[in-house]
Structure formats: structure tokens, C-alpha cells
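Summary of the model geometry
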Amino acid sequence: MDISTKTATAPPPPPATTEKKRATSGATRPGDRIFLGLSRGSGIVLLVIMAAIAAFLTYRAALALSDNTGNFLTTFEWDATAVPPKFGIAVLAFGTVVSSIIALVIAVPVAVGIALFISHYAPRKLASPIAYVIDLLAAVPSIVYGLWGAIVVAPNLTGLYSWLDTTLGWTGVFEYQGGAPRSLMTVGILLAIMILPIITNVSREVFLQAPKMHEEAALALGATRWEVIRMSVLPFGRSGIISASMLGLGRALGETIAVATVLSPNFLIGASLLDPGGGTFAQNIASKFNEASEYGRDALIASGLVLFLITLLVNGAARMIIARRKEYSGANA
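Cut-offs and rules
Residues numbered from 1 in each chain as written. Predicted model: local features only at pLDDT ≥ 70, side-chain atom pairs only at ≥ 80, totals over all residues. Heavy atoms only, no water. Helix = DSSP H or I, 4+ residues; strand = E, 2+ residues; numbered from the N terminus. Buried < 20%, exposed > 50% of the residue type's maximum accessible area, 1.4 Å probe, protein only. Contact = heavy atoms within 4.5 Å. Areas by Shrake-Rupley, 256 points an atom, 1.4 Å probe, with all protein chains shown as cover.

Considerations on the overall build of the protein
What the protein contains, in helices and strands, is 12 helices and two strands. N-terminal to C-terminal, the α/β element order of the protein is α-α-β-β-α-α-α-α-α-α-α-α-α-α. Burial analysis of the protein (333 residues in total) assigns 40% to the buried set. Taking the contacts inside the protein whose residues are at least 6 apart along the sequence as the reference set, 72% of them involve residues at least 24 apart. Counting only carbon and sulfur atoms, one obtains 66% of the accessible surface of the protein, whose full area is about 19,100 Å².

Digging into the environment of Ala-115
With respect to the helices and strands, the residue Ala-115 is situated in helix α3 (residues 90–121). Of the residues examined, Ala-115 reaches a relative accessible area of 0% and is grouped as buried. Residues Ala-115 and Ser-203 lie 88 residues apart in sequence; the distance between their C-alpha atoms is 6.0 Å. Beyond its immediate stretch of four places on either side in the chain, Ala-115 contacts Thr-200, Ser-203, Arg-204 and Phe-207.

A look at unusual backbone geometry
Between Val-83 and Pro-84 the backbone carries a cis peptide bond, its omega angle lying at 0°. Relative to the elements of secondary structure, Pro-84 occurs in the loop between β1 (78–79) and β2 (86–87).

What follows is the structure, given as C-alpha cells:
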């Protein structure tokens, strides 16, 4: 008599569950444990450094603000040596934000255009030298940009400013009354040139990672090269463009020597971007730090704390924008 038996066996776990268990089980090999420890340690050290910087800036800023007789956020004056001291960051915040926005408005479209040309239009024999030159521009020191801007760029902007005054002077924002073109607009143009290589390099690398199957599918459907870029490359690289722009904005916000070389600083906010004067946080700290007293340095550190917070807010906003567009990230393509 044949007796048939059935044995119930549990199905093997799906691959996703297996990978999850492996990821959560921890490192087992000595090399994995060492690498895991170094990685965690590096992250912890970075957080400790950031916390130490924030604590130092907050402590020194509190010492300065306790004796300040002016409104730190709205006062149009910086006189930390007066008795009693009176200083504020209204002009510095305005100049820093406006010059950085000008730089982004000019640099981002040009950088994206250059990146697209290198990655999708230029032949390889031409793309490689252009990419190499862009890399070299990113390595030029700030003081070199500053000297070039003060000696070459600024004196030759008079014609552009006169044209802006003739065309858009009625708005008041581009009204030009003559004089040395050492204004926030000049600073923005110089900063745009400085951040152009950073945005171009990051955008180019992102565009080169666009899925070739998407591009080939669009071409097979009869799309032109621009339609391929618009439908496949730009949506894929949108998060990368935002990241590159925020990286360039970070440099523009904290640029010091180049701005101090080009700008004619004063503590006035003019209606026109072409009027000489203005100031930025980094420029003010660099120009006044060596000659400042102990209290004056605390006041400058207080302005540095505001710049630190602005930079954190900018990076946080960039992360939020990228997180809302995860469907366009390279990992999910």
C-alpha cells in the first residue's frame, strides 16, 4: 500500500525581506565594523563641530547684544566703538541677500546652458577642453577674482549701467546717476562669474547620468534634441540643478575678499541697485575685524551668527525642495 505524505515547507522570504534583515543585522566582518565605526564617528564629529560653532557664535553674540543700544535687526548704522555702542545688520542683510540673488539670477541659466551644451550638444573633442577650463575657473582664488573685478570688470560696466538706466531707469531699481560702478549690481555680476563653475560642473554631472533609455525612447518617437532634453534630461536633473544652485548660493553668501575689493561700502540702502555703496556680512567682518576692539569683534561675531543662520536656512530649504521632488532624483529614475 502506497502512503503519500505531504510536508509543508515555509516559502523562502522575498528578496526585499532578506536584504532588510542583512541591513539591520549589523556588520559582521572586521572591515565592515571598522568602516561602520568610522562612518558613525565622522557623522558625530561633524555634528559636534557644528554645535561648537553655534555655541561659540551665540555666546559671543550675546555679550555684544547685551550692551547694544540700537535695534540689531533694523539699525542702519555700525558703530561698535561708540559710547554707548550702536550697531545693526539691516544694511548688511539687505546687501548679502540682494547680491546673492543677483548672482543666482545671472549664473543659473548660463550654467545650465553650458552644462547642457557640454553633455548633449558639443562633440567630445570640444566638450572635454571646455569642461577642463570650467574646472580651472573653479580653482581660481577669490582675491584674483576680486582684483580682476576691481581693475577690469567694474570700470567697464559704465556702458551697461547707462543702457539699463535708459531702458529700465523708470523703475527706480536700475536708475544710474554716474560715478564709480562699485555697487551691489557689480558685486552680483562678479559673484555670478565666481559661482558659475560650481553650478556648471554639478549640473553637467547630473545631466550625464540621465537614463539613456529615456532619451532613446524619446528619439524613437520622433522627438527633437531639445524635446529630448526638455522631457527626459531636465526633469531627471531638476534636483541636481537645485542642489548646484544652493551650493553656488552658499559661496555667494559667504564670499569675502572679492566683495571687499569691488564694493564701496556704506550703511545706506538705496532704491537703485546701481548706486555705489551697500555692504555684506562677510565684507564687513573682513574689513573691520583687525582694527576692532574686543567688544567690536563680539559685535562682528554677532553678525556672523546671522550669516550662519541664513546659510542653515538656505540649505534646509534646498533639502525640503529636493525632498518634495524625489521622483526626479537619480536614485528613483
